[in-house]
Amino acid sequence: MSLKTEFRRARCSIAVAFTAGALTALGTVMVSAAADYTISQKGREFHPGEITIKRGDTIKIVNDDADLLHHAYIDSPTFSFDSGDQTPGTVTPITFTVAGNFNVLCAIHPKMLLVAHVQ
Ligand SMILES: [Cu+2]
């Protein structure tokens, strides 16, 4: 085998390796795309009251009560959030940028609790 053939083969394997790497990276991006979840506030409760999501995902909290004001907040050392007043019909998105277990509470109704497990 000539040196020239050997060189061509080496170049070819580098190209194959690069393509495989690019496809793997593309696959990872597609699999890890952030998702949206909807949580309802109704009858002074979060529905569901517990959810497991991945870091980067967004929870959209919908005030489905016809005549109640809500106010979602999270107060933890690693992640804080405060929606302000949530009037009936409004949608409040929370994007969880860190992993952990978080209690989403309502400043108006102390018994309202949503536990978010962020992986
Ligand atoms: Cu409330």
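Everything numeric here is computed off the predicted structure, so don't read it as measured data.

1. As for the side chain of Gln86
No. 1: Checked against the element boundaries, Gln86 lands in the loop between β6 (80–82) and β7 (91–95).
No. 2: For Gln86, a relative accessible area of 1% gives the class buried.
No. 3: A polar contact of 3.0 Å, which involves the side chain of Gln86, links it to the side chain of Thr92.
No. 4: Contact partners of Gln86, with chain neighbours within four places excluded, come to Gln41, Ile61, Asn63, Leu68, Leu69, His70, His71, Ala72 and Thr92.

2. Regarding the pairing of strand β5 (residues 72–75)
No. 1: A one-sided burial pattern is seen for β5, the buried positions being Ala72 and Ile74 and the unburied ones Tyr73 and Asp75.
No. 2: The pairing of β5 with β6 spans three bridges and is antiparallel. For Ile74, the partnering residue across the bridge sits in β6 and is Phe81.
No. 3: Between β5 and β6, which pair antiparallel in sequence order, lie four residues.

3. Overview of the packing of aromatic side chains
No. 1: For the structure on display, the rule yields three aromatic pairs.
No. 2: Taken together, Phe79, Phe96 and Phe102 form an aromatic cluster joined through their ring pairs.

4. Brief notes about the sheet that holds strand β2 (residues 45–47)
No. 1: Reading across the sheet, the four strands line up as β2-β1-β4-β7 and stay open at both edges, with mixed pairing between neighbours. Every interior strand has two partners, whereas the edge strands, β2 and β7, have only one. Strand-to-strand twist of the sheet, defined as the mean angle between neighbouring strand axes without regard to direction, takes the value 25°.
No. 2: Examined bridge by bridge, strand β1 (residues 36–42) and β2 share three bridges and lie antiparallel to one another.

Basis of the calculations
- Along each chain, numbering runs from 1 in the same order as the chain's sequence is written.
- Under the rules for a predicted model, residues below a pLDDT of 70 receive no local features and side-chain atom pairs below 80 are neither given nor counted, while totals for whole chains, interfaces and linings still include all residues.
- The side-chain quantities take in all heavy atoms of the structure and omit both hydrogens and water.
- Only DSSP runs of H or I covering at least 4 residues are called helices, and only runs of E covering at least 2 are called strands; the numbering of each starts at the N terminus.
- Note on classification: 1.4 Å probe, protein chains only; a residue is buried when its accessible area is under 20% of the maximum for its type, exposed when over 50%, partly exposed between these limits.
- Polar contacts here mean pairs of N or O atoms no more than 3.5 Å apart (in protein, one a potential hydrogen donor and the other a potential acceptor; neighbouring residues in sequence count only if both atoms are side-chain atoms).
- Between two residues, a contact is recorded if the distance between any of their heavy atoms is within 4.5 Å.
- The pairing criterion is simple: DSSP has to find at least two bridges between the two strands.
- Note on ring pairs: Phe, Tyr and Trp rings are taken, using the six-membered ring of Trp, and paired if centres are within 6.5 Å. Classes follow the plane angle, with under 30 degrees stacked, over 60 edge-to-face and the rest tilted.
- For every element, the axis is a line fit to its C-alpha atoms; helices are fit only across the contacting stretch, and the angle between N-to-C directions ranges from 0 to 180 degrees.

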